[in-house]
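Fold and geometry: a report
Here's the letter readout for the chains.
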Amino acid sequence: MDFKTRVLTKSLFVFHAACSPCNNCDIEILDVLTPRYDAERLGITLVGSVRHADVLLVTGVPTRKTAVRIKKLYEQAPKPCLVIAVGGCACGRIMFRESYMSPCALDELLPVDAYIPGCPPKPEAILAGVVKLIKKLRGEG
Amino acid sequence: MTALFSYLIFPGFLFSALVGLMACWVDRKVSARIQWRVGPPWHQNFTDILKLSFKEIVLPRGAGAVFLLSPALGFLAAVLTATIVGNAFVTPGQAFVGDIIVVLYLLIIPAAALIIGASASGNPLAAVGASREMKLVMSYELPFILSMIAVIVKCGGALRLGEIVAWQLNFGSNIVSWSGALSFIAAIICVQAKLGFAPFDASEAEQEIMGGVLIEYSGFPLAVFRLTRAILVYTLPLFLISLFWAGNTGVLVILGKYIVLLVVIILIKNTNPRLRIDQAMRLFWGPVTLLAIAALVLALLGK
């Protein structure tokens, strides 16, 4: 594990990209920042601008409108930028798979690094997913 | 050679950056404890800076050299301020006449660098942030300078930071006198705005204008801006101590006073909601300026 990866995994700036979700996943993401779970102790902070981001936290199904924008958002982020799909919609479109408004799944648009399934996933599940991603980056398993 | 050493190592760049980043950690930790959280580990800000300097630098369309150079401008000015203020304690006799005026000018440059960089990025939200920052600078400079004048009058017209410190060593801290206490209150509110902390963080409000002035910055320039902020977090409370509270300049005493001032600033930050920019201007040009004028009058009367 090189030094770059080491510092990257110790300070993840997260940009929360709501890609037409139903807001349940977004509420659970905010729960991760609350005193009970406190993601900041792992160095994870939510940032306002995608230019500061290391992680794109995507919730929801890419629709015809948001698919273009989520791709643009990924292109605007400075690399290396990781993508985490939170919730069943972002992971595999669940019941919107046959919808005429949903052109493709998220991982057909962007290189997704971690999938956190659930409808919505619990805060514990989101933290566990992030920790697994960190371990994968560090090559620890 | 000595000048270079004091600019680059102690009390300039290296020292102020280390202390400033630790102070930023104190800020995050105390904020976390106030919100009943655990908070980040002590090395968090160092890690953030290192990580940002390895990231890609995205250059928005239309942005050029000005966009990339303005962080350096603010950074160099902040380091120079840290050097001058630090030397007022280390070698009080060697200061040049009028260094307090130089410090006043230098303290505007980081804000000016933010405004220039934000305007150069060509982002509309950055333009909103820049205009707010500009208004904020215009509003807090008046009471800040007035409270400095009150201190200068109180110390018998001393225009050197070193002389002001020496005066307080002989006659006691300014803060225990009426004029000193009032101008200290005015100055600490201005320092809050200079640091861009809540309630005066409208120019980089993350929730409404997505980082405002910093919105287009990524990678190394963003790291430089964060480092500048950290150096200011070290310098400004120390500047306040040198002006108002320098009755005893032992190293440990200064450290204790610095931590007290820092925690006061963090508490103000955590207990106040963000002011709209017009509310901030009204506050600075109204009550805070009146406070500073009252302090100046009291200082002229010798209180």
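Let me begin by describing the structure that accompanies this report. (Residues numbered from 1 in each chain as written. Chains lettered and ligands numbered in written order. Predicted model: local features only at pLDDT ≥ 70, side-chain atom pairs only at ≥ 80, totals over all residues.)

A word on the overall build of chain A. When helices and strands are tallied, chain A shows 5 helices and 5 strands. Mapped from its N terminus to its C terminus, chain A presents α and β elements in the order α-β-α-β-β-α-β-α-β-α. For 141 residues, the compact-globule formula gives about 14 Å, and the C-alpha radius of gyration of chain A, at 14 Å, lands near that figure. Judged by the C-alpha coordinates and their principal axes, chain A covers about 45 × 30 × 30 Å. (Helix = DSSP H or I, 4+ residues; strand = E, 2+ residues; numbered from the N terminus. Rg over C-alpha atoms; globule rule 2.2 N^0.38 Å.)

Residue and element names in this part refer to chain B. Where helix α6 (residues 124-154) meets helix α12 (residues 277-300), the closest approach of the two axes is 8 Å, and the angle between their N-to-C directions is 10°. Viewed along their axes, α6 and α12 adopt a mutual orientation that is roughly parallel. Taken together, the residues that form the contact of α6 with α12 break down as 20 nonpolar, 3 polar and 3 charged. (Axes fitted to C-alpha atoms, helices over the stretch in contact; angles between N-to-C directions. Parallel < 35°, antiparallel > 145°, perpendicular 65-115°, else oblique. Nonpolar A, V, L, I, M, F, W, Y, C, P; charged D, E, K, R; others polar.)

Residue and element names in this part refer to chain A. In this model, Lys 79 is joined to Pro 80 through a cis peptide bond whose omega is 0°. With respect to the helices and strands, the residue Pro 80 is situated in the loop between α3 (64-76) and β4 (82-86). Residues Cys 119 and Pro 120 are joined by a peptide bond in cis, for which omega reads -10°. Among the structural elements, Pro 120 can be located in the loop between β5 (114-116) and α5 (123-138). Of note, the phi angle at Ser 20 is positive, near 50°, even though the residue is not glycine. The phi torsion at Asp 38 lies on the positive side, around 45°, for a residue other than glycine. Tracing the backbone through its elements, the reader meets Asp 38 in the loop between α2 (24-33) and β2 (45-46).

What follows deals with the interface of chain A and chain B. Bring the parts together and some accessible area is lost; that lost area is often taken as the interface size. Across the boundary between the two partners, chain A contributes 16 residues, which contact 27 residues of chain B. A per-class count over the side of chain A that touches chain B returns 4 nonpolar, 5 polar and 7 charged. (Contact = placed C-beta atoms within 7 Å.)

Moving on to the pairing of β4(A). All names here are of chain A. For β4, the tally of buried residues reaches 5 of 5 residues, placing the bulk of the element in the interior. Where burial is concerned, the two faces of β4 agree: the one with Leu 82, Ile 84 and Val 86 and the one with Val 83 and Ala 85 are both buried. Sheet topology note: the strand β3 (residues 55-59)/β4 ladder contains 5 bridges and is parallel. Opposite Val 58, over in β4, you have Ala 85 as the bridge partner. (Buried ≥ 20, exposed ≤ 12 C-beta atoms within 10 Å, placed from the backbone. Pairing = 2+ DSSP bridges.)

Glancing now at the pairing of β3(A). Residues and elements named next belong to chain A. Counting buried positions along β3 yields 5 of 5 residues, so the element is predominantly enclosed. Both faces of β3 are covered, namely the face carrying Val 55, Leu 57 and Thr 59 and the face carrying Leu 56 and Val 58. Sheet analysis places strand β1 (residues 13-18) next to β3, joined by 5 bridges and oriented parallel. Considered in β3, the bridge of Ala 18 is made with Thr 59.

Here we take up the packing of helix α4 (residues 65-90) of chain B against helix α7 (residues 161-171) of chain B. Each pair of packed helices can be summarised by the angle the axes make with each other and by the distance between the axes. Residues and elements named next belong to chain B. Following both chains from N to C, one finds α4 and α7 inclined at 40°, their axes separated by 8 Å at the closest point. The angle between α4 and α7 falls in the class oblique. The interaxial crossing formed by α4 with α7 has right-handed handedness. Here Val 85, Ala 88 and Phe 89 of α4 lie close against α7, whose contacting residues are Leu 161, Gly 162 and Val 165. (Left-handed = near helix turned anticlockwise from the far one by under 90°.)

All names here are of chain B. When you line up the elements, Pro 124 lands in helix α6. What makes Pro 124 exposed here is the crowd of 10 C-beta atoms within 10 Å. Note: C-alpha distance between Pro 124 and Gly 93 (31 residues apart in sequence) is 48 Å.

The next subject is the sheet that holds β2(A). Residue and element names in this part refer to chain A. Taken in spatial order, the 5 strands line up as β2-β1-β3-β4-β5 in an open sheet, and their pairing is parallel. Of all strands in the sheet, those bounded by a partner on one side alone are β2 and β5. In this structure, β1 lies alongside β2, joined through 2 bridges in parallel fashion. Across the sheet, residue Val 14 finds its bridge partner in β2, namely Leu 46. The strands touched by α2 within the sheet are β1, β2, β3 and β4, with β3 carrying the most contacts at an inclination of about 140°. Across the face of the sheet, α5 comes into contact with β4 and β5 while running at roughly 165° to β5.

What follows is about the environment of Ala32(B). Structurally, Ala32(B) can be placed in helix α2 (residues 13-34). Residues Ala32(B) and Asn270(B), spaced 238 residues apart in sequence, show a C-alpha to C-alpha distance of 9.7 Å. Discounting chain neighbours no more than four positions away, the residues touching Ala32(B) are Glu40(A), Arg37(B), Val38(B) and Gly39(B).

Below, the discussion takes up α6(B). Residue and element names in this part refer to chain B. The terminal C-alpha atoms of α6, which comprises 31 residues, lie 45 Å apart, in line with the 45 Å expected from a rise of 1.5 Å per residue. A bend of about 30° at Glu 141 is the largest found in α6, and the proline Pro 143 appears one to four places after it. Among the residues trailing α6, Gly 156 stands out with phi positive, at a value near 70°. (Expected span 1.5 Å × (residues − 1). Bend = angle between axes of the 7 residues up to and from the residue.)

Judged by nonpolar contacts, the single largest core of 95 residues is most densely connected at Ala186(B), Ala230(B), Ile231(B), Leu240(B) and Ala295(B). Tallying contributions element by element places helix α10 (residues 219-244) of chain B first for this core, with 17 residues. Residue contacts for Ala295(B): discarding those within four places in its chain leaves Ser147(B), Ala150(B), Ser179(B), Leu182(B), Ser183(B) and Ala186(B). In this structure, Cys19(A), Ile44(A), Leu56(A) and Ala77(A) belong to the second largest nonpolar core, which totals 40 residues. (Core = buried A, V, L, I, M, F, W, Y, C linked by C-beta atoms within 7 Å.)

Quick look at α3(A) now. Residues three or four positions apart in an α-helix share a direction because the helix packs 3.6 residues into each turn. All names here are of chain A. Between its first and last C-alpha, α3 extends 19 Å over 13 residues, near the 18 Å set by a 1.5 Å rise per residue. All of the buried residues along α3 are Thr 66, Ala 67 and Ile 70. When α3 is viewed along its axis, its buried side chains cluster within an angular range of 110° and face the same direction. Structural note: α3 exposes Lys 65, Lys 72 and Glu 75 on the side pointing more than 90 degrees away from its buried face. Considering only its buried residues, α3 is in contact with β1 and β3. (Arc of directions from axis to C-beta.)

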